[in-house]
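For reference, the chains in residue letters:
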Amino acid sequence: MSTLVLTAALPAAVALAAAVASVVRSRSRSGAQRTSWTLLGPAAAAWVAVAVTGQLPVVEASPAIRAAVAICAVAWPALAIGAVAVLSARQQTRGGLLRDVLDVLLLLLAGLSVLWSAVLGPGWDQRPSTATTWAVVVLVVLALDVVVTVVHALLRAPEREGSLLVAWAGLAVVCAGDITSSGGHLLDGRSTDTAAAVLWLLGWATVLVGALLHRHRPQQRVDRQELSGGAAMALSAAGLTVLTTVLSTVLVRSGPDPVLFWLSTGVLLLVVCRTLVELRRTTRLRHHLERRVEERTAALADRRRRFASLVAHSSDLVLVVDAERRISYANPGAARVLGVAEGSAVGRPAADHLHPGEGAALTLDALDSAIAAGAEQVELRLALRHADGHRVDVDAVVTDLLDDPDVRGLVVNGRDVTAALELERQLARQAFTDALTGLPNRALFTDRLEHALRSRGGRGPVKVCYLDLDGFKAVNDALGHGAGDELLVAVAERLRGAVREGDTVARLGGDEFAVLLDEGVELDEAEQLARRTCEVVGQPFTVRGRQVHVGASAGLASTRTAGRDAELLMRAADLAMYEAKSTRKGGYAVYAPHMHEALVERVQLETDLRAAVEQGQFRVVYQPLVDMGDGGVSGVEALVRWHHPSRGVLGPATFIPLAETTGLIDAIGAHVLREACQQVATWRAEVPGAEQMRVSVNVSGHQLVDPGLVEQVAAVLAETGLPATSLVLEVTESVLVGQDDQVLASLAELRARGVRLAIDDFGTGYSSLSYLHRLPVDILKIDKSFVDRLSESGDLSLVDAILSMAATLDLATVAEGVEHEHQRSVLQAQGCSTGQGFHFSPPVPPELVPELVVSALRGRTAPGPGTTARTAPRPAPLPSEGAAASAEG
């Protein structure tokens, strides 16, 4: 039983494991490797079928089983040969494949010669010639073929993955076991012996190791090149066959063996075929190499001709200067660059073509020094002399080929860069010079300012004057941009004459200029310069035959107050200029730190204002409009308050100017209009005495020029249900004057729809009968300053004049800022019908207005004949109301 396990069961179990491992291994591979591992699995399985069934007695009794065993016995070496040969076959051309087949046949015949001489030949004549005997011989041949194929593949296969090589070696060992077993059967009738079983076990174990080896390693790249010839392999096979035949004849001494004869003959024929194939391959290779040499020779000739043509037709300069510094070659491009005839420069000294006065000797000395130091190439810029005498700038590369026997000189390759250098100089001028005025531009001014800050160090402050023209836009719009450019050129000329030598005057862009004052200028001298520049710019200019006037606002800044940073210094001068423009309407201002603080506060306030518009932080308060006769509340004026999250309640004087400059006034005004109309419409419907209440809403100049103002007002009135006759739009006198016909048409359309128009702060601006007659005005609001004169001096003349004018034009009047009873009584006596001010009530939240209206209604109906008008109870003023609220009415 133990002998059976050793000879059949144990090798079969290992072979079966190798079959499973090979199939599993094939799944992780691709291409020819996958095919090889896939064929190894069935080959091992077929061998297991032969090994196991061959030990069973039932095989001899059943012809079907005997046939199946025979098929498996032939199939397993065939599959093994396919597994090994597939890699070589897929990588070969047809010629290479033919050489491989011949080599394998040679090795097979050589192996058969050895096998016949050592194993099969002795005693062959004494054995019976049965089918079994010939079947064993066929199996021996197939097994030997597997061994030969493996040996050939190990020597020449393109696949070098170690796991496959191990598996192939294992197949060869298994086939050696098959040959040993078959030889034993032929010699003494034994089908299996211990040596064969050991070889089988060792062989299939090797195949299993190969299948398991490096199974997780990525697949290696296969070299696709054709393999070289194996002539040595063919000669070795032939030699082995001859040696075997000779030894068999000498040792056995039984005469020539016909089997060895035919084997030797076959080897000889195969060697001849192999030699012919190799000869054909060598001949084709020689022809291929000859053709390649011819092609390369022709390509080199074409390249030389093309290179010569390129040099001849190149616009670049190509010179060869010999050891004596004479020109030995000059291409046509060099003749064009130098302005000479082709060939005339050859033989002349190279120095003759260098531009005089440009350090020609120094250039040659520097070139000689570089070459003497061992430099193979030198890059330099040459100043050459054209035939007409002008300078030609050339960027050149000089290559030392003095030791080259084909050249023996310095090769100069150069390109004319004269035009490029001139363009570069022009671009540099344009980059740092204002094209219109010829003054330094912002970039050059900033560069000089930074240089002054670095170079002066602690010797003294650096001062900058920043100028902006006043009224330039009007000239530009009226006379055109061409005239504006002429005016800027004239301003630049005057500024050049106004500054001192050493000062830098620059145009920064548009109508902005700047002056960098020279070192050592004190503050009073700087102020004199700023004043002088404003004065010279303020003088009349003649532009295109017309006299025009512009002004200048200047800002002066010093590093003592602005810091030693160019950007900070320019910003400080800019701030001072805007200070001069806003407070003086021209002239100059000197920078002080509070200007920056004011700017920071303004920026922060603008940020907060935008957030307030988005978050709805505005509230509307109302100040009653009181009838001077009976004290009744006839209307209210809607006033806006900003409930700032950190600064508290802010009056309109704090943020309305900023809202107008930023355009946020439109959103604020729309909110106030809608809120006020909605609130008054509610009061008219719910509060006794408020049935005829009207509401006054302030409109800014920014809102007036909005083409959609009429539609906006109409939409709000329709949405809230407030009658148009109950809405009064208040516009300041200064805003109305100078408006175009479109604004006046919008106001006229609003009035035609029933909306009334009031002029706020009347008397402080352009009060005249002509524009009052032209404007669609219904109400005049007398400014608080005139009402105050009634208490201060008792002067009634101005108030009386305004009231008389209103009566003449049939306009109603409202007195603003009434704070005392005697002011009320005087105004009533003069004929003013309505008053507004702290004497009656400060601006109050909407929840307090109904009480004021009801109280005024009671006070108006309670007194008997002869009593004076009463005022409504005065609520406490809102936080931060103070003077701002008083100024509003």
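Parameters and conventions
- Residues numbered from 1 in each chain as written.
- Predicted model: local features only at pLDDT ≥ 70, side-chain atom pairs only at ≥ 80, totals over all residues.
- Heavy atoms only, no water.
- Helix = DSSP H or I, 4+ residues; strand = E, 2+ residues; numbered from the N terminus.
- Contact = heavy atoms within 4.5 Å.
- Areas by Shrake-Rupley, 256 points an atom, 1.4 Å probe, with all protein chains shown as cover.
- Expected span 1.5 Å × (residues − 1).
- Buried < 20%, exposed > 50% of the residue type's maximum accessible area, 1.4 Å probe, protein only.
- Axes fitted to C-alpha atoms, helices over the stretch in contact; angles between N-to-C directions.
- Parallel < 35°, antiparallel > 145°, perpendicular 65-115°, else oblique.
- Nonpolar A, V, L, I, M, F, W, Y, C, P; charged D, E, K, R; others polar.
- Phe/Tyr/Trp six-rings, centres within 6.5 Å; stacked < 30°, edge-to-face > 60°.
- Lys NZ or Arg CZ within 6 Å of the ring centre and 35° of its normal.
- Core = buried A, V, L, I, M, F, W, Y, C linked by side-chain atoms within 4.5 Å.
- Patch = residues over 30% accessible without salt bridge, like charges linked within 9 Å, V, L, I, M, F, W, Y side chains within 5 Å.
- Salt bridge = Lys/Arg side-chain N within 4 Å of Asp/Glu carboxyl O.
- Lys, Arg positive; Asp, Glu negative; His and termini not counted.
- Charge placed at Lys NZ, Arg CZ, Asp CG, Glu CD.
- pLDDT = per-residue confidence, 0-100.
- Disulfide = S-S within 2.5 Å.
- Pairing = 2+ DSSP bridges.
- Arc of directions from axis to C-beta.
- Polar contact = N/O pair within 3.5 Å; in protein donor to acceptor, adjacent residues only side chain to side chain.

Visitor: Please clarify how the overall build of the protein should be interpreted in this entry.
Guide: Each helix and strand in the protein was counted, giving 32 helices and 21 strands. Restricting the contact set of the protein to residue pairs at least 6 apart, pairs at least 24 apart contribute 67%. Looking at the protein as shown, the accessible area adds up to about 43,900 Å², and 58% of this sits on carbon and sulfur atoms.

Visitor: Please explain helix α2 (residues 31-53) as it appears in this structure.
Guide: One full turn of an α-helix is made of 3.6 residues, so residues set three or four places apart face in the same direction. Under the 1.5 Å per step criterion, the end-to-end length of α2 is 34 Å for 23 residues, consistent within 8% with the ideal 33 Å. Of the positions making up α2, those classed as buried are Ala32, Gln33, Ser36, Trp37, Leu40, Gly41, Ala43, Ala44, Ala46, Trp47, Val48 and Ala51.

Visitor: Help me understand the packing of helix α19 (residues 566-583) against helix α20 (residues 593-615) in this model?
Guide: The axes of two packed helices give the description: the angle between them and the distance between them. Following both chains from N to C, one finds α19 and α20 inclined at 85°, their axes separated by 10 Å at the closest point. As the angle between them shows, α19 and α20 are arranged roughly perpendicular. Only Met595, His596 and Leu599 of α20 make contact with α19, whose side of the interface consists of Arg571, Leu575, Ala576 and Glu579. Of the residues in the contact of α19 with α20, the class split is four nonpolar, one polar and two charged.

Visitor: Honestly, the packing of aromatic side chains in this entry has me stumped. Any pointers?
Guide: The description of an aromatic ring pair uses the distance of the two centres, along with the angle that the planes make with each other. Scanning all chains against the criterion turns up seven aromatic pairs. Relative to Trp204, the ring of Trp76 lies with its centre 5.7 Å away and its plane at 55°, an arrangement referred to as tilted. Of the two residues, Trp76 is situated in helix α4 (residues 63-90) and Trp204 in helix α8 (residues 194-212); the sequence distance between them amounts to 128 residues. Each member of the pair, Trp76 together with Trp204, is buried. Ring plane angle 75° and centroid distance 5.1 Å describe the contact between Tyr622 and Trp683, whose orientation is recorded as edge-to-face. With a gap of 61 residues between them, Tyr622 in strand β13 (residues 618-627) and Trp683 in helix α22 (residues 665-686) connect regions that are remote in the sequence. Both residues of the pair, Tyr622 and Trp683, count as buried. Connected via pairs of aromatic rings, a cluster forms that spans Trp47, Trp76, Trp200 and Trp204. The lysine or arginine in question, Arg494, covers the ring of Phe541, its NZ or CZ lying 3.5 Å from the ring centre.

Visitor: Is there a simple way to think about the nonpolar core in this case?
Guide: In this structure, Leu609, Trp683, Val695, Val697, Val713, Leu727 and Leu827 are the most contacted members of the largest nonpolar core, which totals 77 residues. It is α22 that contributes the most residues to this core, nine residues altogether. Apart from residues lying up to four places away in sequence, Val697 is in contact with Ala638, Val672, Leu673, Ala676, Leu727, Val728, Leu729 and Glu730. Formed by 40 residues, the second largest nonpolar core is a distinct cluster that contains Ala19, Ala32, Ala51 and Trp204.

Visitor: So what exactly am I meant to see when it comes to a positive patch on the surface here?
Guide: Together, Arg291, Arg292, Arg296, Arg303 and Arg306 give the surface a local cluster of positive charge. Here Arg303 is to be found in helix α10 (residues 258-313).

Visitor: Sorry if this is basic, but what is going on with the packing of α20 against helix α21 (residues 652-662) here?
Guide: Where α20 meets α21, the axes come as close as 10 Å, and the angle between the chain directions of the two elements is 80°. Considered as vectors, α20 and α21 are oriented roughly perpendicular to each other. Judged by residue contacts, Arg602, Leu605, Glu606, Leu609 and Arg610 of α20 engage Thr654, Phe655, Leu658, Ala659, Thr661 and Thr662 from α21. Taken together, the residues of the contact of α20 with α21 sort by class into five nonpolar, three polar and three charged.

Visitor: It is not clear to me how the confidence of the model for the protein should be interpreted in this structure. Could you clarify?
Guide: Interpretation of the predicted coordinates at a detailed level should be avoided for regions scoring low in pLDDT. Across the protein, pLDDT averages 80, with 78% of residues at or above 70. Across residues 863-873, confidence stays below pLDDT 50; counting only partners more than four residues off in sequence or on other chains, it has 17 contacts.

Visitor: Help me out: how do you make sense of the state of the cysteines in this one?
Guide: Cysteine pairs can be covalently joined through their sulfur atoms, and such a bond is termed a disulfide. The final tally for this structure, using the stated rule, is zero disulfides. This cysteine, Cys534, is not joined by any disulfide, and Cys465 carries the nearest cysteine sulfur, 6.8 Å off.

Visitor: Honestly, the sheet that holds strand β6 (residues 463-470) in this entry has me stumped. Any pointers?
Guide: Adjacent strands of a sheet pair through backbone hydrogen bonds, lying either parallel or antiparallel. Read across the sheet, five strands follow the order β7-β8-β6-β11-β12 without closing on themselves; strand pairing throughout is mixed. Either end of the sheet is taken by a strand with one partner, and the two such strands are β7 (504-509) and β12 (587-590). On average, each strand axis in the sheet is inclined to that of its neighbour by 20°, with strand direction left out of account. Looking at chain direction, β6 and strand β8 (residues 512-516) are connected through five bridges and run antiparallel. Bridge pairing in β8 links Leu467 to Phe513. Here helix α14 (residues 442-456) sits on the sheet in contact with β6, β7 and β8, set at roughly 25° to β8.

Visitor: Please explain helix α30 (residues 821-830) as it appears in this structure.
Guide: The set of residues buried in α30 consists of Gln823, Arg824 and Leu827. The arc that holds every buried residue of α30, seen down its axis, measures 100°, which confines them to one face. Positive backbone phi, at 105°, marks Gly831, one or two positions downstream of α30.

Visitor: Which parts of the structure should I look at to understand the environment of Glu637?
Guide: Turning to its location among the elements, Glu637 is positioned in strand β14 (residues 633-644). Separated by 16 residues in the primary sequence, Glu637 and Val621 place their C-alpha atoms 8.3 Å from one another. Within the local environment of Glu637, its side chain forms a polar contact with the side chain of Asn698, the two groups lying 3.1 Å apart.

Visitor: Explanation requested: unusual backbone geometry in the structure shown.
Guide: With the exception of glycine, most residues fall at negative phi, and the peptide bonds are largely trans. The phi dihedral of Arg325 is positive, around 65°, even though this residue is not glycine. In this structure, Arg325 sits in the loop between β1 (317-321) and β2 (327-330). The exposure class of Arg325 is partly exposed, given its relative accessible area of 27%. You will see that Asp810, though not glycine, has its phi angle at about 60°, which is positive. In this fold, Asp810 is placed in the loop between α29 (797-808) and β20 (812-816). By relative accessible area, which is 69% here, Asp810 ends up exposed.

Visitor: What should I look at first to understand the pairing of strand β18 (residues 756-762) in this one?
Guide: It is a general feature of regular strands that their side chains alternate between the two faces of the sheet. In terms of residue burial, β18 counts as a mostly covered element, since five of its seven residues are buried. In this sheet, β18 lies alongside strand β17 (residues 727-732) in parallel orientation, the contact comprising five bridges. Considered in β18, the bridge of Glu730 is made with Ala758.

Visitor: I keep staring at the sheet that holds strand β3 (residues 377-385) and nothing clicks. Help me out?
Guide: With antiparallel pairing, five strands are arranged side by side in an open sheet as β2-β1-β5-β4-β3. Both outer strands of the open sheet, β2 and β3, are each paired with one neighbouring strand and no more. The sheet shows a mean angle of 25° between the axes of neighbouring strands, direction not considered. Of the strands in this sheet, β3, β4 (391-401) and β5 (409-416) are in contact with helix α13 (residues 418-432), which crosses β4 at around 125°.

Visitor: What is the right way to read the pattern of salt bridges from this model?
Guide: Between side chains of opposite charge, a pair can form as their charged atoms come close. In total, this model carries 27 salt bridges according to the counting rule given. Residue Arg381 pairs with Asp395 through a salt bridge whose shortest N-O separation is 2.7 Å. Highlighted residues: Arg381 in strand β3 and Asp395 in strand β4, separated in sequence by 14 residues. We note a salt bridge from Glu512 to Arg442, for which the minimum N-O separation is 4.0 Å. Placement of the pair is Glu512 in strand β8 and Arg442 in helix α14, with a sequence separation of 70 residues. Linked by salt bridges that have partners in common, Glu637, Glu730, Lys781 and Glu816 make up one network.

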